[in-house]
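What the coordinates show
So the chains spell out like this:
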Amino acid sequence: MFPRIALALFVGACMSALADEPVPSGKSGIEYSTLEEALTALHAKAGVTFKEQNGWLVATDSKAIVVWFFTPPGHPAYPSMIKQQIINKPDGAYMDRAIRCQASKAICDRYFGDK
């Protein structure tokens with residue numbers, strides 16, 4: 001569905017950062033209304049790196065412990081985005097995933113489940 005290699009690399013890279021700066025609860029979810037708005041904001045944010053992986057654009061914000069995945073033009077679910085982040089709480093850390101799919105419901109369900 002989305003680049004699994006990027007997820008594996010992200011989790012490995014972030015495990016050492018868990019103790020550095022906890023992510024406040026309530027900060028998960030996608031704060032951008034559109035793919036274009038997200039890309040504009042992330043390109044303006046210092047420290048966010050971008051790369052293409054299997055056609056998807058992947059943006060990594062190491063400081064916030066967040067990885068974004070953007071569907072490429074031509075993908076059936078375009079324009080959609082996935083935000084994955086490590087949430088660090090007193091009882092442990094976990095991976096949170098939010099999806100904003102702007103394709104039809106049928107396409108969104110097919111690629112991302114009922115998110």
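Residues numbered from 1 in each chain as written. Predicted model: local features only at pLDDT ≥ 70, side-chain atom pairs only at ≥ 80, totals over all residues. Heavy atoms only, no water.

**Some thoughts on the overall build of the chain**
Looking only at helices and strands, one finds three helices and five strands in the chain. The secondary structure elements of the chain, listed N-terminal to C-terminal, are α-α-β-β-β-β-β-α. Contacts spanning at least 24 positions in sequence make up 49% of the contacts within the chain whose residues lie at least 6 apart. Only carbon and sulfur atoms are counted for the fraction: they give 55% of the accessible area of the chain, which is about 6500 Å². (Helix = DSSP H or I, 4+ residues; strand = E, 2+ residues; numbered from the N terminus. Contact = heavy atoms within 4.5 Å. Areas by Shrake-Rupley, 256 points an atom, 1.4 Å probe, with all protein chains shown as cover.)

**Here's the deal with the nonpolar core**
Core analysis: the largest hydrophobic core is formed by 13 residues, its most contacted members being Ile-30, Tyr-32, Leu-42, Ala-59, Trp-68, Phe-70 and Met-81. Of all the secondary structure elements, the ones that give two or more residues to this core are helix H2 (35–44) and strand S3 (66–70). Counting residues per element, this core draws most heavily on H2, which supplies four residues. Residue contacts for Met-81: discarding those within four places in its chain leaves Ile-30, Tyr-32, Ser-33, Thr-34, Leu-35, Ala-38, Trp-68, Phe-69, Phe-70, Ala-98, Ile-99 and Arg-100. (Core = buried A, V, L, I, M, F, W, Y, C linked by side-chain atoms within 4.5 Å. Buried < 20%, exposed > 50% of the residue type's maximum accessible area, 1.4 Å probe, protein only.)

**Details of the confidence of the model for the chain**
If pLDDT is low for a region, its predicted coordinates should not be looked at in detail. The predicted model of the chain has a mean per-residue pLDDT of 81, with 74% of residues at 70 or higher. Note on residues 4–27: pLDDT is under 50 here. Beyond four places in sequence and across chains, it has 34 contacts. (pLDDT = per-residue confidence, 0-100.)

**Considerations on the state of the cysteines**
Taken as a whole, this structure holds one disulfide when the rule is applied. Between Cys-101 and Cys-108 runs a disulfide, and the two sulfur atoms are separated by 1.9 Å. Between Cys-101 and Cys-108 the sulfur-sulfur dihedral comes to about -85°; the bridge is accordingly left-handed. Of the residues examined, Cys-101 reaches a relative accessible area of 19% and is grouped as buried. Exposure remark for Cys-108: the relative accessible area of 6% places this residue in the buried category. (Disulfide = S-S within 2.5 Å.)

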